[in-house]
Amino acid sequence: MELKLNINDKLHVLDIEPGDLLVDVLRKSGYKSVKIGCREGTCGTCTILLNGNAVNSCLVFAADCEGASIHSVESLGTMAEPHPLQEAFVKHGATQCGYCNPGSLLSAKALLNEKPDPTEEEVKEALDGNLCRCTGYVKRIEAILAASKKMRS
Amino acid sequence: MSKKFKVVKTSVEKVDGYSLVAGRGVFVDDIDLPGMLQIKMLTSPHAHAVIKSINIKKAEALEGVHTIMTHENVPRIPHTTAGQGFPEPSPYDTYTFRRKVRFVGDRVAAVVAETEEIAEEAMKLIEVEYDVLPAVFDPKDAIKEGAPIIHDEEDCYIPIPVAYEPERNLCAHVDVEAGDFDKAYAESDVQVDREYYSHYAQHCPMEPHICIGYPDENDRLVLRVSTQVPFHSRRITAQCTGIPIRKIRVIKPRIGGGFGTKQEVLLEDVVAFAVMRTGRPVRWALTRKEEFISSRTRHPQYVNIKIGANKDGKINAMEMKVLSNTGAYGSHALTVMSNCGSKVLPLYRCKNIRFWGDTAYTNMPVAGAYRGYGATQAAFAMECVISEVAQKIGMDTVEFRKMNHIKSGEGSPIFEKLGEGKEGVPQTIGSCGLAECIEWGEKEIEWGKKNPPSEPHKRRGKGVAILMQGSSVPEIDMGSAFIKMNEDGSFNLLMGATDLGTGSDTVLSQIAAEVLGTTEKFIIPYSSDTDFTPFDVGAYASSTTYLTGSAVLKTAEKVKEQIFGVAQNMGPFKDCSVDEMYLEDAQVKCKTCDKTISFSDICNFAMYAKDQFQIAACESHITHKSPPPFTAHFVEVEVDTMTGKVDLLKYVAPVDCGTPINPILADGQTQGAVVNGISFALTEEYFFNEKGVMLNPDFNNYKILSTVDMPELKTTLIDTYEETGPFGAKSVSEISINGALPAIANAIYDAVGVRINNGPFTPEKVYMAMKELKK
């Protein structure tokens, strides 16, 4: 079946199967930042923004997303011009293996869109679904708070 | 103690940081190969059974199925999956496919098909008839007479001369003694004898194991693997498949975490056979469930500690007895068990020490390397018993530790007696910041101050644990590096050492930049590819910074000499001696004259002007010591007496890792290890039914800590300088995972008076212990 998706502000017309999961459709379309860590909505590495909300793309049927707007981490910034969140992750040591980074960055982005000045508790809650085994979370939380401060100034 | 550096000891940005946060396709699975086939593995539903018959005809006939591999059509070659140096100190008790299955999740048949869905369909069509055998799940039962024998085949063996008795499920045994333990223990004023148990746990890297294989244009086999050990992967794949090493290339791209589970050659043999059979690219990715059940776990262990001490606080006698459960195969069975003694016993001064270790086979999931590597399990028992001894004497538990812990200039008989599959290497402690760690931790946690609980039915308590680890395996592990210079003054740094998220590419670039008088931006690190990078044992045993770091330093020194030589050949430096030259700001400078030559001019001269050659060098390094990093963990808990729930209020972890080459990355290693340790201590647990089936193979039911579960965590780096390390560095990656179990257990005791001797410290367990205490 045909599916129209707006991925990172670019219209895609995709040929999909009715049972295809969004994570697989995105990865097949070249958005490799969307990771697979569990395929059951428990690790958060496949987090994307679906109409602005952070969701696990492994729990969403692509066919349900007709006309939706999707953002992956590729839309945040580039290596040369990183988004303040991406920059803060690097500067604060919040990236180790990096496998959870795209998902956690997008959860952070969704939070900051809604609450530009979150408390530490709000950051912790927003990122609760994005597991990380490398960093122990401290530097991730610091990075998000630092980025929010920078984005406000 | 502190030395001045330019690039080292600064928190430069991680060299791959921006690529990772930009979501670039840098991991194994991020490539699309035309015509790639998929593998799915049919695994055993029984804990112990012989495959009576296996019929793959119907499955093979399914459209889209390319080939199916079983023990009937794949060569039976005994090997170990443990990615260790050769010959491995682990038994050759594994075959690509086996006639007999030994745990629920063991390999039965691999289907190679167009898609994973077709492979899964085909799996349902495979008819397997099993002869189910009695199974044994606990190592204590496994080594009893009359227990079912798990490895009764004739062709399994261990390739080094050590104890191996599979006929009684004994996978490994070690015993050593210094002094006279029995006599000293008997004569001691205070004696404590306790058994502790460390439970099953999984590493949970966010990226599960994955391997993609394909034939290259010359029909060589290329394996793109999420591995910590690319060179061991190549060697063991060659061993299992019969493909010569020269026809295999292993590429390690960016890795999504390892923590030891990727020190295992787990997928490569099957992928290699599949590529050989089909001539197509083939991918095998484990699911999270398979990661829990069929990959590797921490070795669950019973650790019994006996300590005898005098009333004045001096330790007279220490004994550690370990019974380790390796599960169905003996990956790292001997070395994890040995490490219990070698990384924990030397921490305390004592003349009479005995270590006794057994590792048993059981019909349980297979254990392997896991950050901490035995020290985690043993430190739990040791640090709890140390506190108990102090309390029995009537001493403060921190004062008792201060009085007895090893110090700079001291040795331990254990260093010499207990190695990895052979005797150890004698060593005395060089740098030791343990006293400073304790001092910092005491202050942060306000040791000795009892805080009031937040509610009347809650109790507060504080606990401590001190720890050491090592840095590489001395006189066994080898690392090497290759550096070449480019016309713009940059340098390629090629290493077999594997950055798996740890930041070693950055740290090793900093070491090269420091020697070469440039910045890390002019170092182009590449790790690892067995075709292009020199040999390295890989990322394990807390070795990369200390071991490969020294290799990089030596290589850079060689390159530096060549640069000086070229400078002398060039006009301006004709009259300058090499002794007067030095490298700074990407230039050759001279102490006596004020002339300079840029690196770019040096390289262009060497390449194009006169006596042309490539400025390049390759050096290797082995270590003769394994200098321990040290740490002291302090924790404050609040225990709910109505539910048994343990809340962590504050966790403090200062660490002495010598010179932190990159402080922010070293600190990140500490924080990650601490949180993994806390998670292990409080929530992570495998549940099994009576048939040996793991019941909770997912993150909903196997709980690893997330952001909302975080206590206040304070870490710091205590500055010391290890003379034998590159720019004073020691290791940092493993040590801090070992503290949570004992520190929290000691804090629970301080709060509510119960000693929990097995993890995790769930509300139920703590509550029941409190109830028992009241009786």
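What follows deals with the interface of chain B and chain A. Counting from both sides, the interface comprises 50 residues of chain B and, opposite them, 49 residues of chain A. Interface area for chain B against chain A, summed over the two sides, is near 4000 Å², with a carbon-plus-sulfur share of 60%. Ranking the residues of chain B by area buried against chain A places Val21(B), Met206(B) and Thr707(B) at the top, with a combined share of 18%. Across the pair Arg133(A) and Glu684(B) runs a salt bridge, and its minimum N-O distance is 2.8 Å. Looking at the side of chain B that touches chain A, the elements with two or more residues in it are α1 (17-21) and α17 (663-682) of chain B. Of all the elements, α17(B) adds the most residues to the side of chain B that touches chain A, at nine residues. Taken together, the residues of the side of chain B that touches chain A sort by class into 21 nonpolar, 18 polar and 11 charged.

In this section: the packing of aromatic side chains. Residue and element names in this part refer to chain B. Using the criterion set out here, one finds 19 aromatic pairs over all chains in the structure. With a centroid separation of 5.6 Å and an interplanar angle of 75 degrees, the aromatic rings of Trp447 and Phe634 are classed as edge-to-face. One end of the pair, Trp447, is in the loop between α13 (434-445) and β16 (458-468); the other, Phe634, is in strand β24 (residues 630-640), and 187 residues separate them in sequence. Residue classification places Phe634 among the buried positions, given a relative accessible area of 0%. By way of ring pairs, the aromatic residues Tyr200, Phe292, Tyr686, Phe688, Phe699 and Tyr702 are connected into one cluster. Above the plane of the ring of Phe680 lies Arg298, whose end atom (NZ or CZ) is 5.2 Å from the centre.

Here the focus is the domain arrangement of chain B. All names here are of chain B. Assigned domains of chain B: these are domain 1 (17-26 + 474-622), domain 2 (31-133 + 203-294), domain 3 (135-200 + 297-418) and domain 4 (430-470 + 627-775). Measuring from the centre of the C-alpha atoms in domain 1 to the corresponding centre in domain 2 gives 38 Å. Listed per partner, the contact involves 23 residues of domain 1 and 24 residues of domain 2. Regarding the contact of domain 1 and domain 2, the summed buried area is about 1700 Å², with carbon and sulfur atoms giving 51% of it. Looking only at domain 1, the three residues that lose the most surface to domain 2 are Leu500, Thr530 and Tyr540, adding up to 35% of its buried area. The tally of links from domain 1 across to domain 2 stands at five salt bridges. One salt bridge connects Asp531 with Arg249, and the closest N-O pair in it is separated by 3.8 Å. Taken together, domain 1 and domain 2 are joined by 14 residue pairs in polar contact (both at pLDDT 80 or more).

Residues and elements named next belong to chain B. Within the largest apolar cluster, 158 residues are counted, with the highest numbers of intra-cluster contacts made by Met320, Phe355, Ile744 and Phe761. For Phe761, the residues in contact, after removing those within four places along its chain, are Phe380, Val646, Ala681, Leu682, Leu741, Ile744, Ala745, Ile748, Ile756 and Val766. In this structure, Leu493, Val559, Cys576 and Ile661 belong to the second largest nonpolar core, which totals 46 residues.

This part covers the sheet that holds strand β22 (residues 596-598) of chain B. Residues and elements named next belong to chain B. With antiparallel pairing, the three strands of this open sheet are ordered in space as β20-β21-β22. Two strands lie at the open edges of the sheet, namely β20 (581-584) and β22, each paired on one side alone. Strand-to-strand twist of the sheet, defined as the mean angle between neighbouring strand axes without regard to direction, takes the value 25 degrees. Of the pairings in the sheet, the one linking strand β21 (residues 587-590) to β22 comprises three bridges and is antiparallel in character. Its bridge partner lying in β22, Gln587 is registered against Ser598. Along the sheet, helix α15 (residues 544-569) contacts β20, β21 and β22; its crossing angle with β20, the most-contacted strand, is approximately 115 degrees.

What follows covers the confidence of the model for chain B. Detailed reading of the predicted model is not advised wherever pLDDT is low. Looking at chain B, the pLDDT average stands at 97 and 100% of residues meet or exceed 70. The complex prediction reports pTM at 0.98, with the ipTM value standing at 0.99.

Let us now look at the packing of helix α2 (residues 84-91) of chain A against helix α3 (residues 101-114) of chain A. All names here are of chain A. Interhelical geometry of α2 versus α3 gives an angle of 130 degrees and a closest axis separation of 10 Å. On the basis of their axis angle, the class for α2 and α3 is oblique. Remark: the crossing between α2 and α3 carries right-handed chirality. Touching Leu85, Gln86 and Phe89 of α2 are Asn101, Ser104, Leu105, Ala108, Lys109 and Leu112, all from α3. Its residues placed into classes, the contact of α2 with α3 shows five nonpolar, three polar and one charged.

Cut-offs used in this document
- Residues numbered from 1 in each chain as written.
- Chains lettered and ligands numbered in written order.
- Predicted model: local features only at pLDDT ≥ 70, side-chain atom pairs only at ≥ 80, totals over all residues.
- Heavy atoms only, no water.
- Contact = heavy atoms within 4.5 Å.
- Buried area = accessible area lost by both parts, 1.4 Å probe.
- Salt bridge = Lys/Arg side-chain N within 4 Å of Asp/Glu carboxyl O.
- Helix = DSSP H or I, 4+ residues; strand = E, 2+ residues; numbered from the N terminus.
- Nonpolar A, V, L, I, M, F, W, Y, C, P; charged D, E, K, R; others polar.
- Phe/Tyr/Trp six-rings, centres within 6.5 Å; stacked < 30°, edge-to-face > 60°.
- Buried < 20%, exposed > 50% of the residue type's maximum accessible area, 1.4 Å probe, protein only.
- Lys NZ or Arg CZ within 6 Å of the ring centre and 35° of its normal.
- Domains from an automatic or database assignment.
- Polar contact = N/O pair within 3.5 Å; in protein donor to acceptor, adjacent residues only side chain to side chain.
- Core = buried A, V, L, I, M, F, W, Y, C linked by side-chain atoms within 4.5 Å.
- Pairing = 2+ DSSP bridges.
- Axes fitted to C-alpha atoms, helices over the stretch in contact; angles between N-to-C directions.
- pLDDT = per-residue confidence, 0-100.
- Parallel < 35°, antiparallel > 145°, perpendicular 65-115°, else oblique.
- Left-handed = near helix turned anticlockwise from the far one by under 90°.

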